[in-house]
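Inside the fold
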Amino acid sequence: MKALIFIILGVFFVVPQYLHAQSYTFTEGTIPVDWFGQKTYFEIDTDQQLHLNAPSGTKDAHVAWPFSGKENCVWEFFLRYDFAASTTNYASFYLCSEQEDFAAATNRSYYLKMGGATGSADKIELIYQDGSAKTTVLESRAGIMGASTVAIRVRVNRSNSGSWKLYTDESTGSNFTKEAEGAHIAPYTFSYSGIRCIYSSTRKDKMYFDDIRIYEPFALTGYSISGERSIILSFSKEIKMPASMIEMMIEDIYTVFVHEKQIEITVSKDIQPGTYVISAHTLSSVDGDTLLDSMIKVIKQPTYYTGQIRFTEWMSDPSPSYGLPEIEWIELFNTSAVPVDLFAFTLSDPSAGIKLPQYLLAPDAAVIVCASDGCKLFDNDNCIEVPSLPNLSNTADSLFLYAHDTLLIDYIHYALTDMPDDYRKNGGYSIVRVQLPAACILTQQLSFSDEQTGGSPGRVNQFMKPASFSIPVKAEYVNEKQLRLELPVMAWAQSNGFQPGEIIASVQIIPSKFCTGISLLLNTDIEEGDAFTIQIDSMETCLHYPVYLGKSVEVIRPKSIEKGEVFINEILYNAVSGSVDFMELFNTTDAYIDLKNTHYVNAMQGGTIQHFAITESLAIAPHGYVALTADTTVLIQQYMSAVRENCLERSNFLSFSDDGGEMFFLNSSSDTLDYIEYGDRFQNPLNRKDEGISLEKIRSHDAAFTASNWTSSAVGATPGYQNSQTLGSELLSSNIFYCNPCHATVNLNGNNDYVHLHLNPMVEGAFASVSIYTITGELVDKLCVNQLLGTSNTFNWYGQQQSSAPLPDGIYVAVAEWWSPAGDTHTEKIAISTSQY
């Protein structure tokens, strides 16, 4: 459908600029003073034309003048030969040239060769010269320059897109007809125009030139698509108002606004990729000239962005089969709202890539990609084949998806060591993406397929949900005045969220293939052992959408470790079957300490020695804990008091002997930072278990190892957390047995649902029983019986009987009985209460 819309005057933002034409008509009878070259070989004759009048004995003459044309440019001139052109007698009009000397060996230029052949072969050629290399951009019909005498007027148009058009008028008027067109663009600056004549002795005064004009035409200088519904056309001159009508060939309602040199066309629907034609036959400039080309083509290329197409499922180990074909395959999913042609995409692993075939992937749809002859093995129509699929490793690999081989669309890395530890690791089950990251983000959550057949190729996983815009931020210290942040998101390269100020001196955005880097230069040094906190408020993504982050990022500059700063604080050597050993370190200082290049030597009973080293930078926080183990998942599942962020997994970590041994903690120079012994002889003699109970250091700041400073954990183990048996920690109350809060509401509404009973015996190795009674002395509940205590302990009572049956509202009595290893016994009672509300 075509629609005629009147152009409406609107408000826009361009400051008009004008190009003054270069015009040489020679009416003053002299050659311009700003010309260069062999001006004495030319004269202005009585007809006020530039006339070649070269001296005898010469065969080459040229004149040049400054060229000030723009990318959109028109050249016009008149030429007359009083002879038939030949290979030794012709002229060249240099439209634009790098050098004044057109024949220089290194010169670059565009020029019109006017004849230079013989008879019917003589024509006009537009040639691009780059040193000795020459390229013909366009040429006229043969014979146009082949008469015995020639008089012709010539026009050449060049657009900023590299389009060239040649027009001629053999009647020497201004009724130009198009001879030819071509395309060529050279990224160089040209400073001169001019004329060069090649002649014999009998033709040294037979060439004439006149009406030389170089000017900027009224032409389209460019266009852009703003947002999704506006086309902005920019012209070389100010548009004459009131403007005439224009036509846009589009099946949509649109409006048009004009201001000075720009036209904005706004449509009511999103502009889809494609070619749009705009007709402006009667549009004119304030100078009165109409467009050189009134049919304007606007091309919207497909838009590609990170996250538009996602890897959602892939089969890297198809054997044994549980119902799916025993071949490798990859599933791609279109997250966008428009169809996407996969022809522009390349699928690769770290070593090789393969271009995808043409396939229009619908929005919210998936497609299977497999090797040749693979699609016939599936019951899906949405399947495409490539000559060879990148080989998917069974154990670990990476996959990349690029648009036009340069823009990273998606990236995933999978490793079986990071996957659920079950039978699906043995093959036959695909790996699926649990969540789809938001657009522009390169993060992943992976698992094995739950399908009984081993996967769901080509079917959208209904349990796969889009993730919110939440990204991890990696921060690193570069030097004392520079920090670097890495965000796994393709962001627009701007730094509005990081304004220089009292602390930050400057900000530099450094986009890379997999992330957006932010380099911050500081006004003040970060001291060794200190940390620097940065608040990231918001950012603009690759789709130019602002998103709120609200991230606080801590950048640490740890100091090198010294003696007396970090000690071994806890060790589990007798893990229960299926669990793992661990060793905990404690930082006694107020500084961040780097554990890089520290060594751990385990000398076990029987003479076996194990060695482990931390080779990467690993900071332990002030008064913080780090628990090292071979499997954090198993450790955290075993001990509820474990602090996940303080438990670090190292697959090659030490395995301690159940029979005991010695641990040496060394620096890079093999100096001993700490030493302990471990084994059952250090456990509490009243401990009834012989497995799964760690040894805890009682006074964590003590440097020297003493047997009396180690005992059994009261809660099994506390990896990454303060020891249950530690002394020196501040207690919540000076009372040994107290409650806070002392009242519980039993309606389970989430407020005051339980009573906290605190028992702090102030001695290590104590045992206790805590019970609840009615005021008449009837036993209601037993919270613990003969339990090994730490120095600080808390018990929760939910206001119910031991059988979980409800109790009437009222007052109850909590009784604590405890005894120390020395045989001292103690009993205390406190009143507590319950109610429905």
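Quick summary incoming for the structure in this document. (Residues numbered from 1 in each chain as written. Predicted model: local features only at pLDDT ≥ 70, side-chain atom pairs only at ≥ 80, totals over all residues. Heavy atoms only, no water.)

1. A word on the overall build of the protein chain
Summing up its helical and strand segments, the protein chain has 1 helix and 65 strands in all. With 837 residues in all, the protein chain has 49% of them scored as buried. Considering only contacts within the protein chain whose residues lie at least 6 apart along the sequence, 61% involve residues at least 24 apart. For the protein chain, the computed accessible surface area is about 39200 Å², with 49% contributed by carbon and sulfur atoms. (Helix = DSSP H or I, 4+ residues; strand = E, 2+ residues; numbered from the N terminus. Buried < 20%, exposed > 50% of the residue type's maximum accessible area, 1.4 Å probe, protein only. Contact = heavy atoms within 4.5 Å. Areas by Shrake-Rupley, 256 points an atom, 1.4 Å probe, with all protein chains shown as cover.)

2. Some details on the sheet that holds strand 25 (residues 309-315)
An order of 32-31-26-25-35-37 is seen for the 6 strands of this open sheet, with the pairing classed as mixed. Two strands close off the open sheet at either side, each with one partner strand: strand 32 (383-386) and strand 37 (446-448). Within this sheet the neighbouring strands show an average axis-to-axis angle of 30 degrees, counted without direction. Where strand 25 meets strand 35 (residues 431-433), 2 bridges bridge the pair, whose relative direction is antiparallel. In the strand pairing of strand 35, W314 is matched with I431. (Pairing = 2+ DSSP bridges. Axes fitted to C-alpha atoms, helices over the stretch in contact; angles between N-to-C directions.)

3. A few points about the packing of aromatic side chains
Under the criterion given, the structure shown has 36 aromatic pairs. Pairing F400 with Y402 gives two aromatic rings, centres 6.3 Å apart and planes at 20 degrees, and the pair type is stacked. On the basis of relative accessible area, Y402 is assigned to the buried category, the value being 11%. The interplanar angle of 85 degrees and the centroid separation of 5.7 Å between the aromatic rings of F682 and F705 together place this pair among those described as edge-to-face. Of this pair, F682 sits in the loop between strand 55 (672-678) and strand 56 (695-697) while F705 sits in the loop between strand 56 and strand 57 (710-712); the two residues are 23 residues apart in sequence, bridging distant segments of the chain. Given the relative accessible area of 7%, F682 is considered buried. (Phe/Tyr/Trp six-rings, centres within 6.5 Å; stacked < 30°, edge-to-face > 60°.)

4. With respect to a negative patch on the surface
A contiguous patch of negative charge on the surface is contributed by D658, D659, D680, D690 and E691. Residue position: D680 is located in the loop between strand 55 and strand 56. Classification of D680 by relative accessible area gives partly exposed; the value is 47%. (Patch = residues over 30% accessible without salt bridge, like charges linked within 9 Å, V, L, I, M, F, W, Y side chains within 5 Å. Salt bridge = Lys/Arg side-chain N within 4 Å of Asp/Glu carboxyl O. Lys, Arg positive; Asp, Glu negative; His and termini not counted. Charge placed at Lys NZ, Arg CZ, Asp CG, Glu CD.)

5. Overview of the state of the cysteines
Counted under the stated rule, the structure contains 2 disulfides. No disulfide involves C96; its sulfur sits 7.8 Å from the nearest other cysteine sulfur, which is in C73. The thiol of C370 is not disulfide-bonded; the next cysteine sulfur, from C383, is found 3.7 Å away. (Disulfide = S-S within 2.5 Å.)

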